[in-house]
Amino acid sequence: MWAMKYNQRYLAKPCIRLKPTCMKTFTTLNIYNSLTSKKEHLIQNDQEKNEKKILTWYSCGPTVYDDAHLGHARTYVCSDIIRRILSNSFNIDTNFIMGMTDVDDKIINKSKEMMMLNNNNNSTNTTDFLQIARKYENEFFNDMDALNIIRPTSVTRVSEYIPDIIKYIETIIDNGYGYESTNGVYFSCEQLGEQYGALARSKLDISTDQQVSESNNNNIKKDPRDFALWKKNNEDTNDAGWDSPWGHGRPGWHIECSAMTHSIVGDSIDIHSGGIDLKFPHHNNEIAQCQAHNNCMEWVDTFIHFGHVHIDGLKMSKSLKNFITIKELLGSDDNGGGGETKVTADDFRLFCLLHHYRSNVTYSMDRIHDANVIRKILDGFLLDIYDLALKKQLLEEAIVVDSNGTNNRKRWLESDITFFNQITNAKEEYLLSLGDDFNTPKAMQIIRDICHNTRKHIQDYDGGVDGENIPPSELLFNIHTWVDTSLKQLGLSTIGTNHINSTNDEDETSIKNDLTLLKSFAEFRCNIRNVARGMKKSEEKFELLDLCDHIRDDVFPKHGYQLRDDGNDEFTIRKL
Ligand SMILES: [Zn+2]
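Residues numbered from 1 in each chain as written. Predicted model: local features only at pLDDT ≥ 70, side-chain atom pairs only at ≥ 80, totals over all residues.

This brings us to the overall build of the protein. When its secondary structure is counted, the protein shows 17 helices and 16 strands. In the protein, which comprises 576 residues, the share counted as buried stands at 38%. (Helix = DSSP H or I, 4+ residues; strand = E, 2+ residues; numbered from the N terminus. Buried ≥ 20, exposed ≤ 12 C-beta atoms within 10 Å, placed from the backbone.)

Rendered as structure tokens:
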């Protein structure tokens, strides 16, 4: 009743109110909010009274008329990483809703093209274009599965929310922010006054962008900034669409997300995300619609935008012939994919983790190779540490009693305690990095440092590794579990599970040839290391030992092999 009176009061002269203060929880997590252009504590609205609150997150989905590409891959892998971090590291579950644009001119045009090809008729009906949309929606989710992206909690398709969208537009008109014109219903930016442009780069951009792009419509819009809420079909053509109070037609692009979120979660969302391309005008206009519909300034607390992907320095575009679909990227298209350029889902995810989600990135095979090397280093570390921990466990379990009647194999040395404290601090720093606007490049560096320092601790253990001189098994298992779990929590599913697997004779021959050469190289390294160990403490001594570590930790994995020191000048080489 109060709400009705409120709307009536503002019907004549629209005015946007601030939402009454509701219970909000400020988490410890900092996140960059595009609405304020600064890092802020992530807010959760206190809608749920249960202890583990559910964070409401709406993500604009793809327009389903073609295969998903690298830009989609980056946006949705990054949102998957953030979603996993929220859940696994901060105990925040998400109600992740994805809007699927299955009603759009691009889909309708594709349907018309197909009709022309098949029967020389360029008209299309709703069933025709929705069939195309379903096909590409299925393909999209197959691609997302291949990239190990967790599926949304719910998917809202525009075609399934048409009555809700019509009702939503009616409320905007009733509230005084929409008007009917000859070819559709438009949103009145002027009515919103200064509130319009929440995500615009500047007030100048608002007018120039839209004046240029919609100059043809100037005579049918009250203001060049106004945008379509409903597009009427031309009465002469039999175009696809739905009946509405304003005639047969279809929704404008921006209205779908405002109306669908209203239907499924109400008038308040914790996070809204999408690629940076969607920031203006799409997200900006979504906000305007919600403000007009709800008579309330607040709708989304935090807007997240993911950076661009450039390919070899150029913007990805079909005309530049540098357009890469996800199927080509992963080598899962009908032609067997990109052959030499085939990338694994983990390598691509690591590429995303190594760049901050907001930064613009340049995709190239060199960058993927960098990610691949790091994957192999981590892979080798996990396999190595697990083997070593098992070996030490067997030694610890053996019943050996020395002359004093004690067995000190489980006793921690002073250096174990110091090392454990260092690792504990690093783990805390890891969490802080994730909580600082999801700084995954820093978090990945911390994991790599932990791996490097663990190897160093093993190397230096009690004066150097020999057959039985290994740190306590619990300590090694603990680090192995933490690194393994942390990587899996970020969605890296295969690291630490690889084993030597050569698929054909050609591979086996090539591995044998590599091993012959690498064995000589490893023996040479072993000799250098022995020379260094025999030297007095000096800068040169430590420099030589560091170079030997570099060969083992970086150079071998870079070429797809792991070198493991087994003590007493023995070593193992294996294919990663
Ligand atoms: Zn949207």
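Continuing now.
Most of helix H8 (residues 255–265) is tucked away: 8 of the 11 residues are buried. The set of residues buried in H8 consists of Ile255, Glu256, Cys257, Ser258, Ala259, Met260, Thr261 and His262.

Let us now look at unusual backbone geometry. Residues Phe280 and Pro281 are joined by a peptide bond in cis, for which omega reads 5°. Look at Asp437: it is not a glycine, yet its phi comes out positive at around 55°. Mapped onto the fold, Asp437 is located in the loop between helix H13 (414–434) and helix H14 (440–459).

The terminal C-alpha atoms of helix H5 (residues 162–174), which comprises 13 residues, lie 18 Å apart, in line with the 18 Å expected from a rise of 1.5 Å per residue. Every buried residue of H5 is accounted for by Ile162, Ile165, Ile166, Tyr168, Ile169 and Ile172. The buried residues of H5 occupy an angular sector of 160° when projected down its axis, which confines them to one face. On its buried face, H5 is in contact with strand E6 (178–180), strand E7 (184–187), strand E8 (227–232), strand E9 (249–251), H8 and helix H9 (279–294). Remark: Gly176 follows H5 within two positions and exhibits a positive phi of approximately 95°. (Expected span 1.5 Å × (residues − 1). Arc of directions from axis to C-beta. Contact = placed C-beta atoms within 7 Å.)

Pairing is mixed across the open sheet formed by 3 strands, whose spatial order is E13-E12-E14. With one partner strand each, in any of the chains shown, strand E13 (314–315) and strand E14 (361–363) form the two edges of the open sheet. Two elements, strand E12 (residues 309–311) and E14, share 3 bridges in a ladder whose sense is parallel. For His310, the partnering residue across the bridge sits in E14 and is Thr362. (Pairing = 2+ DSSP bridges.)

Across the sheet, 5 strands lie side by side as E5-E4-E3-E10-E11; this open sheet has parallel pairing. Strands at the two margins of the open sheet, each flanked by one partner only, are strand E5 (154–157) and strand E11 (300–306). Put simply, the sheet's adjacent strands are angled 25° from each other on average, direction ignored. Bridge count for strand E10 (residues 269–275) against E11 is 6 bridges, and the pairing is parallel. If you follow His272 over to E11, its bridge partner there is Phe303. Running over the sheet, helix H2 (residues 70–90) touches strand E3 (54–63), strand E4 (93–101), E10 and E11 and is turned about 160° from E4. (Axes fitted to C-alpha atoms, helices over the stretch in contact; angles between N-to-C directions.)

So, about the nonpolar core. In terms of nonpolar packing, the biggest core is built from 114 residues, with Val77, Ile169, Leu229 and Phe348 touching the most fellow members. Top element by residues in this core is helix H12 (residues 365–397). It accounts for 10 residues. Structurally, this core is a two-domain feature, drawing no fewer than three residues from each of domain 1 (2–353) and domain 2 (373–498). (Core = buried A, V, L, I, M, F, W, Y, C linked by C-beta atoms within 7 Å. Domains from an automatic or database assignment.)

What follows deals with the environment of Thr28. Tracing the backbone through its elements, the reader meets Thr28 in strand E1 (residues 24–33). The class of Thr28 is exposed, set by 10 C-beta atoms lying within 10 Å. Residues Thr28 and His41, spaced 13 residues apart in sequence, show a C-alpha to C-alpha distance of 6.2 Å.

The residue Gly266 is located in the loop between H8 and E10 in this model. Once the C-alpha coordinates of Gly266 and Asn294 are considered, the two residues, 28 residues apart in sequence, prove to be 9.9 Å apart.

Here the focus is the pairing of E11. Note on strand geometry: in a regular strand, side chains alternate between the two faces of the sheet. Here E11 lies mainly inside the structure; 7 of its 7 residues are buried. Handedness of the E10-H9-E11 crossover: right-handed. (Right-handed = clockwise from strand over helix to strand, strands pointing away.)

Mean pLDDT over the protein works out to 85, with 83% of the residues at or above the 70 mark. By mean pLDDT, helix H1 (residues 2–11) is the weakest element of the protein at 33, and E5 is the strongest at 98. pLDDT under 50 marks residues 211–216. Its contacts with residues more than four places away, or in other chains, come to 2 contacts. Note that residues 498–504 has pLDDT below 50 and, in this model, 7 contacts with residues that lie over four places away or in other chains. (pLDDT = per-residue confidence, 0-100.)

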